[in-house]
Amino acid sequence: MMDLVVPPGPGVPQGLTIPAGEIVERFSRSQGPGGQGVNTADSRVEIELDVVTCPAFTDTQRQRVLRALDSRLVGGRLLVVAASEHRQQRRNRVAARERMADLLRTAMAPPPAPRRATRPTRGSTERRLTAKRHRGETKAKRARPASDA
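K.L.:
Pulling in residues and values, what's your account of the environment of D3?
P.N.:
Mapped onto the fold, D3 is located in the segment before β1 (4-6). Taking relative accessible area as the criterion, D3 reaches 40% and is therefore assigned partly exposed. Sequence separation between D3 and R91 is 88 residues; the distance between their C-alpha atoms is 16 Å. Ignoring anything within four residues of it in the chain, the contact list for D3 reads T17, I18, P19, A20 and R97. From its side chain, D3 meets the backbone nitrogen of A20 in a polar contact 2.8 Å long.

Following this line, the structure appears as structure tokens:
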């Protein structure tokens, strides 16, 4: 088993390496077509990481991951990723690791800066009102002429 490498990104400036001992891998039979080995090969890969006890995270990173991936965590602590799109176990292992690294990288990114409320400019307000007036006049011209009976 190999270490999981999270590439550098926002919130992880130097990247991150999670030791192989922190990751639990499980293999099972994959669904779908597979030819002769469909009932014998355990090609589906499921990897899990205990986010709460993993020593690779700083406290800030751990809080960001727990907050961002809250809905994906099993029991509030285990991040589980499965891959079964390939017919080979090796390729599914790589796919699951890449998926977990992407999840962790996006989860550790700092939250975006809060939006500062601004007011529309005078010119944009005037343009909007002029367009509304023009549209109203166009629609008013479509009306049936009033009958003077």
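K.L.:
An account of the confidence of the model for the protein is requested, with residue identities and associated values reported.
P.N.:
For the protein, per-residue confidence averages 87 on the pLDDT scale, and 92% of positions sit at 70 or higher. By mean pLDDT, the top-scoring element of the protein is helix α3 (residues 122-141) (96), and the lowest-scoring one is β1 (85).

K.L.:
Which residues make up the nonpolar core, and what are the values?
P.N.:
By size, the foremost hydrophobic cluster in this structure holds 28 residues, and its most contacted members are I18, F57 and L104. Put simply, the parts of the chain that give this core at least two residues each are β1, β2 (16-18), β4 (44-50), α1 (59-68), β6 (78-83) and α2 (89-107). The greatest single-element share of this core, amounting to 7 residues, is contributed by α2. Once residues lying within four places of it in the same chain are set aside, the contact partners of F57 are L16, I18, L49, V51, R62, L104 and M108.

K.L.:
Account for the pattern of salt bridges, naming residues and giving values.
P.N.:
Side chains that differ in charge, positive against negative, can pair when their charged atoms come close. In this structure the tally under the stated criterion is 8 salt bridges. A salt bridge links E48 to R26, with the nearest nitrogen and oxygen atoms 3.0 Å apart. Highlighted residues: E48 in strand β4 and R26 in strand β3 (residues 23-28), separated in sequence by 22 residues. E48 gets classed as buried once you look at its relative accessible area, which sits at 14%. Classification of R26 as partly exposed rests on a relative accessible area of 39%. In this structure, R77 and D50 form a salt bridge, with 3.1 Å as the shortest nitrogen-oxygen distance.

K.L.:
Explain the sheet that holds β3 to me, and be specific about the residues and the numbers.
P.N.:
The strand order β3-β4-β6-β5 describes an open sheet built from 4 strands, whose pairing is antiparallel. In this open sheet, the two edge strands, each paired with only one partner strand, are β3 and β5 (73-74). Those strands touched by α2 are β3, β4 and β6, and its axis lies near 140 degrees from that of β6.

K.L.:
Quick one: what's the story with α1, residue by residue and with numbers?
P.N.:
Those residues of α1 lying buried are Q61, R62, V65 and L66. The buried residues of α1 all sit within an arc of 130 degrees when viewed along its axis, so they share a single face. Exposed residues pointing more than 90 degrees away from the buried face of α1 are listed as D59 and R67. Where α1 is buried, its residues meet β2, β5 and α2.

K.L.:
Could you give an account of the layout of surface pockets, naming the residues involved and the relevant values?
P.N.:
Here the largest pocket is characterised by a volume of approximately 210 Å³. Lining the largest pocket are 11 residues; nearest its centre among them are M2, D3, R93, V94 and R97. Of all elements in the fold, only β1 and α2 reach the threshold of two or more residues within the lining of the largest pocket. Top element by residues in the lining of the largest pocket is α2. It accounts for 6 residues. Tallied by class, residues from the lining of the largest pocket come to 6 nonpolar, no polar and 5 charged.

About the cut-offs
- Residues numbered from 1 in each chain as written.
- Predicted model: local features only at pLDDT ≥ 70, side-chain atom pairs only at ≥ 80, totals over all residues.
- Heavy atoms only, no water.
- Helix = DSSP H or I, 4+ residues; strand = E, 2+ residues; numbered from the N terminus.
- Buried < 20%, exposed > 50% of the residue type's maximum accessible area, 1.4 Å probe, protein only.
- Contact = heavy atoms within 4.5 Å.
- Polar contact = N/O pair within 3.5 Å; in protein donor to acceptor, adjacent residues only side chain to side chain.
- pLDDT = per-residue confidence, 0-100.
- Core = buried A, V, L, I, M, F, W, Y, C linked by side-chain atoms within 4.5 Å.
- Salt bridge = Lys/Arg side-chain N within 4 Å of Asp/Glu carboxyl O.
- Pairing = 2+ DSSP bridges.
- Axes fitted to C-alpha atoms, helices over the stretch in contact; angles between N-to-C directions.
- Arc of directions from axis to C-beta.
- 1 Å grid on protein atoms, 1.4 Å probe; cavity = no way out; pocket = protein on both sides within 12 Å on 5 of 7 lines; lining within 4 Å.
- Points joined across faces, edges and corners; volume = space filled by probe spheres on them.
- Nonpolar A, V, L, I, M, F, W, Y, C, P; charged D, E, K, R; others polar.

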